[in-house]
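Inside the fold
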Amino acid sequence: MIAVKTCGKLYWAGEYAILEPGQLALIKAIPIYMKAEIAFSENYRIYSDMFDFAVDLTPNPDYSLIQETIALVGDFLANRGQTLRPFSLEIRGKMEREGKKFGLGSSGSVVVLVIKALLALYGLSVNSELLFKLASAVLLRRGDNGSMGDLACIVAEDLVLYQSFDRQKIAAWLKEESLATVVERDWGFSISHVQPALECDFLVGWTKQVAVSSQMVQQIKQNINQNFLTFSKATVSALVEALEQGNAENIIEQLETASQLLEGLSPNIYTPSLRQLKEASQDLQAVAKSSGAGGGDCGIALSFDVQSTETLKTVGPIWGLSSYTKKGLDMTTNRKDEHIRYALEQKSSYNSFDEVELIHSSLPLYDLDEIDLTTEFAGRKWDFPFYINAMTGGSDKGREINQKLSQVAEACGILFVTGSYSAALKDPTDDSFSVKSSRPNLLLGTNIGLDKPVELGLQTVTEMNPLLLQVHVNVMQELLMPEGERKFRSWQSHLADYSKQIPVPIILKEVGFGMDVKTIERAYELGVRTFDLSGRGGTSFAYIENRRSGQRDYLNQWGQSTMQALLNAQDWKDKVELLVSGGVRNPLDMIKCLVLGAKAVGLSRTVLELIESYSVEEVIGIVQGWEEDLRLIMCALNCATIADLQSVDYILYGKLKEAKDQM
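Residues numbered from 1 in each chain as written. Predicted model: local features only at pLDDT ≥ 70, side-chain atom pairs only at ≥ 80, totals over all residues. Heavy atoms only, no water.

Moving on: the overall build of the protein. A tally of helices and strands in the protein yields 25 helices and 25 strands. Counted over contacts in the protein with a minimum sequence separation of 6, partners at least 24 positions apart contribute 74%. Of the roughly 27600 Å² that the protein leaves accessible, carbon and sulfur atoms contribute 47%. (Helix = DSSP H or I, 4+ residues; strand = E, 2+ residues; numbered from the N terminus. Contact = heavy atoms within 4.5 Å. Areas by Shrake-Rupley, 256 points an atom, 1.4 Å probe, with all protein chains shown as cover.)

With that settled, the discussion passes to the packing of helix α1 (residues 64-79) against helix α2 (residues 106-121). It is at 9 Å that the axes of α1 and α2 come closest, and there the two elements cross at 40°. As judged from the angle between their axes, α1 and α2 are oblique. Helix-helix and strand crossings are classified by hand; for α1 and α2 the assignment is right-handed. When α1 is examined against α2, the residues L65, I66, T69, I70, V73 and F76 are found in contact with a partner set consisting of S107, V110, V111, V114, I115, L118 and L119. Looking at the contact of α1 with α2 residue by residue, the class counts come to 11 nonpolar, two polar and no charged. (Axes fitted to C-alpha atoms, helices over the stretch in contact; angles between N-to-C directions. Parallel < 35°, antiparallel > 145°, perpendicular 65-115°, else oblique. Left-handed = near helix turned anticlockwise from the far one by under 90°. Nonpolar A, V, L, I, M, F, W, Y, C, P; charged D, E, K, R; others polar.)

Taking the UniProt record as the reference, the feature "binding site: substrate" (unreviewed entry) is found at R335, K336 and Q477. Looking at where Q477 falls in the secondary structure, it is placed in helix α17 (residues 475-480). With a relative accessible area of 6%, Q477 lands in the buried category. Side chain to side chain, Q477 and N474 meet in a polar contact 3.0 Å long. (UniProt positions renumbered as here; feature names shortened; annotations may be inferred. Buried < 20%, exposed > 50% of the residue type's maximum accessible area, 1.4 Å probe, protein only. Polar contact = N/O pair within 3.5 Å; in protein donor to acceptor, adjacent residues only side chain to side chain.)

Moving on, we get to the pairing of strand β24 (residues 600-603). Side-chain alternation along β24 places A600 and G602 on one buried face and V601 and L603 on a second face that is also buried. Bridging between strand β17 (residues 386-388) and β24 involves three bridges; their strand directions are parallel. Bridging from a neighbouring strand, F386 pairs with V601 of β24. Of the strand pairs in this sheet, strand β23 (residues 577-581) and β24 are connected by three bridges, and their pairing is parallel. Residue L579 lies in a different strand from β24, and its bridge partner there is A600. Read from β23 through helix α22 (residues 587-595) to β24, the crossover connection turns out right-handed. (Pairing = 2+ DSSP bridges. Right-handed = clockwise from strand over helix to strand, strands pointing away.)

Let's shift gears to the pairing of strand β11 (residues 286-291). Across a regular strand the side chains alternate sides, sitting on one face of the sheet and then on the other. Across the six residues of β11, six count as buried, placing the element largely inside the fold. Here six bridges tie β11 to strand β12 (residues 298-303), and the two strands are oriented antiparallel to one another. Residue pairing across strands places A288 opposite A301, the latter belonging to β12.

UniProt annotation of "binding site: Mg(2+)" (unreviewed entry) refers to E478 when read in the numbering used here. Tracing the sequence through the fold places E478 in helix α17. Apart from residues lying up to four places away in sequence, E478 is in contact with G484, E485, R486 and F488.

Here we come to the environment of L645. Among the secondary structure elements, L645 is positioned in the loop between α24 (616-636) and β25 (650-652). L645 gets classed as buried once you look at its relative accessible area, which sits at 0%. Setting aside residues up to four positions removed in sequence, L645 forms contacts with I591, L594, V595, M634, L637 and C639.

Under the 1.5 Å per step criterion, the end-to-end length of α1 is 23 Å for 16 residues, consistent within 8% with the ideal 22 Å. If you check which residues of α1 are buried, you get S64, L65, I66, Q67, T69, I70, L72, V73, G74, F76 and L77. Against the buried residues of α1 lie β3 (45-48), β4 (54-55), β5 (87-92), α2, α3 (128-141) and α6 (179-184). Taken from the residues just after α1, G81 is the one with a positive phi, measuring 80°. (Expected span 1.5 Å × (residues − 1).)

The next thing to look at is unusual backbone geometry. Its identity is not glycine, yet A378 carries a phi of approximately 55°, on the positive side. Inspection of the secondary structure assignment puts A378 in the loop between β15 (375-377) and β16 (380-382). Classification of A378 by relative accessible area gives buried; the value is 5%. With a phi close to 35°, S534 is a non-glycine residue in the positive phi region. Examined against the element boundaries, S534 turns out to sit in the loop between β22 (530-532) and α20 (541-549). Under the relative-accessibility criterion, S534 is labelled buried at 4%.

Take the environment of R45 next. Tracing the chain through its elements places R45 in strand β3. Once residues lying within four places of it in the same chain are set aside, the contact partners of R45 are A54, V55, F87, S88, L89 and E90.

For the rest of this paragraph, the subject is helix α19 (residues 517-525). Structurally, the start of α19 carries an N-cap: the backbone nitrogen of K518 is 3.4 Å from a side-chain oxygen of D516. Of the residues trailing α19, G527 is marked for its positive phi of about 110°.

Ranked by internal contacts, the top residues of the largest apolar core, which has 86 residues, are F531, I591 and L645. Here this core takes nine residues from α24, the largest share from any one element. In this view, F531 contacts I507, L508, M515, I520, A523, Y524, V576, E577, L578 and L579; residues no more than four positions away in its chain are not counted. (Core = buried A, V, L, I, M, F, W, Y, C linked by side-chain atoms within 4.5 Å.)

The next subject is the pattern of salt bridges. Here the structure, examined in full by the defined rule, presents 21 salt bridges. Residues K289 and E15 are paired through a salt bridge, measuring 2.8 Å at the closest nitrogen-oxygen approach. Residue K289 is found in strand β11, and its partner E15 is found in the loop between β1 (2-13) and β2 (24-40); the two are separated by 274 residues along the sequence. For E15, a relative accessible area of 4% translates into the label buried. With a closest N to O distance of 2.6 Å, D431 and R399 form a salt bridge. Of this pair, D431 sits in the loop between α15 (422-426) and β19 (443-449) while R399 sits in helix α14 (residues 396-412), and the two are 32 residues apart along the sequence. A relative accessible area of 21% places R399 in the partly exposed class. (Salt bridge = Lys/Arg side-chain N within 4 Å of Asp/Glu carboxyl O.)

Quick look at the state of the cysteines now. The full count for this structure, using the stated rule, is zero disulfides. C635 takes part in no disulfide bond, and the closest cysteine sulfur to it belongs to C639, at a distance of 9.8 Å. Under the relative-accessibility criterion, C635 is labelled buried at 17%. (Disulfide = S-S within 2.5 Å.)

Scanning the entire structure with this criterion turns up 19 aromatic pairs. A ring pair is formed by F386 and W626, whose centres lie 6.1 Å apart and whose planes are at 70°; its orientation type is edge-to-face. With F386 in strand β17 and W626 in helix α24, the pair connects residues that are 240 residues apart, well separated along the chain. The residues F386 and W626 share a single accessibility class, namely buried. With centroids separated by 5.1 Å and ring planes inclined at 85°, the aromatic side chains of F488 and W491 adopt a geometry described as edge-to-face. In this structure, R380 is placed above the aromatic ring of W382, and the distance from its NZ or CZ to the ring centre is 4.7 Å. The ring centre of Y524 lies 3.8 Å from the NZ or CZ of R529, which sits over that ring. (Phe/Tyr/Trp six-rings, centres within 6.5 Å; stacked < 30°, edge-to-face > 60°. Lys NZ or Arg CZ within 6 Å of the ring centre and 35° of its normal.)

Shown next as structure tokens:
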């Protein structure tokens, strides 16, 4: 079963004007989600919790939007030589209640959701521009006259500046040309991420009244003139500039201007509730306005001090959905949170662990309680042969995740490695990595990039006091990041310095591309003795960086799979300590790594998904269950120790067998 989700959206500025080609709107993604689960099945089955019944592909008026989205994806797949096969699709997470919209972009969200689900089912990854075009094509084929701003924001999952395109022209193309041809053409839109540079609280209020979007909207459209369009575009541009400069006074001024422009179209845009919100902000360090179609839908407010925020929360149905801070909006932190978001969304149709089959032993030699899970690497003995691998840090979200993961690790007696400490080296006030002080029994490791000189590595060890230091190599990720490193000549000299000067054991770690044997050989010459091969199959930083920049999605599958990297390194398993990570899902995958010579196995996304879906206590129970499952599997393989596992016979299939035959 594959799971995907899409967010909601709210307009900050540019409503109505954005209906005209070339106009601008500022739109914010909202963390209220629609979710879908999809899997191949014997028959087509489509279910949405908007309705109390399921359908197949037989046209149904209630499911028409979903069915037409499926049809378009079918066309897209056909152009790529693939055929739509029966599947089961379930959609949950209403953005409406009893027919009343929240104004969060429910139609756009469900279209993007269905497209993402089907593409994930077929193992296809597309960049954000193509995803936007496909979703827009669905609505344009239906005769939708919206600006597609909802889709732009939902696809980008961020605060975005959207410039609209000529929808009549693209709709005509879709009637005259194939979908494949149309999506390759330049549509004339732009979607840009906006990064505010100041502290503010973003608050949202919903009046729980129907969003008026037919008769009233048509009346308002008649009042739109060139003067309104000119002022709206200038206001949105000035607002974005003020946000990026961190100028609170100018932000307030521009949003007030945007509000006045809307009210000039029709005073009915502001219901009494929305007017109350707007007026309440006028004597505060804050600004409030209608969002979207108006007429009883949503109101938003930006507040620039605590007192203003608390005052606004007392006015009507206001709740805070996001709290921005300076630290939370710099590029590093924003990037770290994007890494988390995109790591959770990505799915892979191929996992190399599925191509390894272990030979069962029918006559056991040991009792279950004789099975010993201890292993040794990085200069010490560990009770269990798996650990929580480096993931995150450097943001509020990263702090929250690290606190939860460290609690799990301490309770289960396993190693926990934080994400790259680089963010804390840049910002001494960053406490997102500070987990040890409250957990004295935590087995802690940390991580740093090889682009950092050894002086920063020494600072990291001094400040974190870890049992070990992972030094990661991520050349493809750096190359795909717009802000990434471009100079690599110093990396080998840095590695030599690390191996000589760092006072704790170091682990040379890949980040999901599969470490090659030549790198192991060269690093061994420089003094490294422990390696995390970290192959393709789990978190793909190529995918993540392409989701961020949308440039080179054809490189999403770069590198060697996890088991392929481990097979390649077989000649080194008795000379160095091999650790494995990348796509490890369960204890059976762990055992397969240990059979092929790994000393221990790291898990990242699997644990991240758990901590995002369950309580800490539930995750502790799951992880402790893994410890018991490892013993169970080892007993069935007639292995009393981790070392015994290397004598287990196995069979290779598919790509692994083909590669093995060539080695």
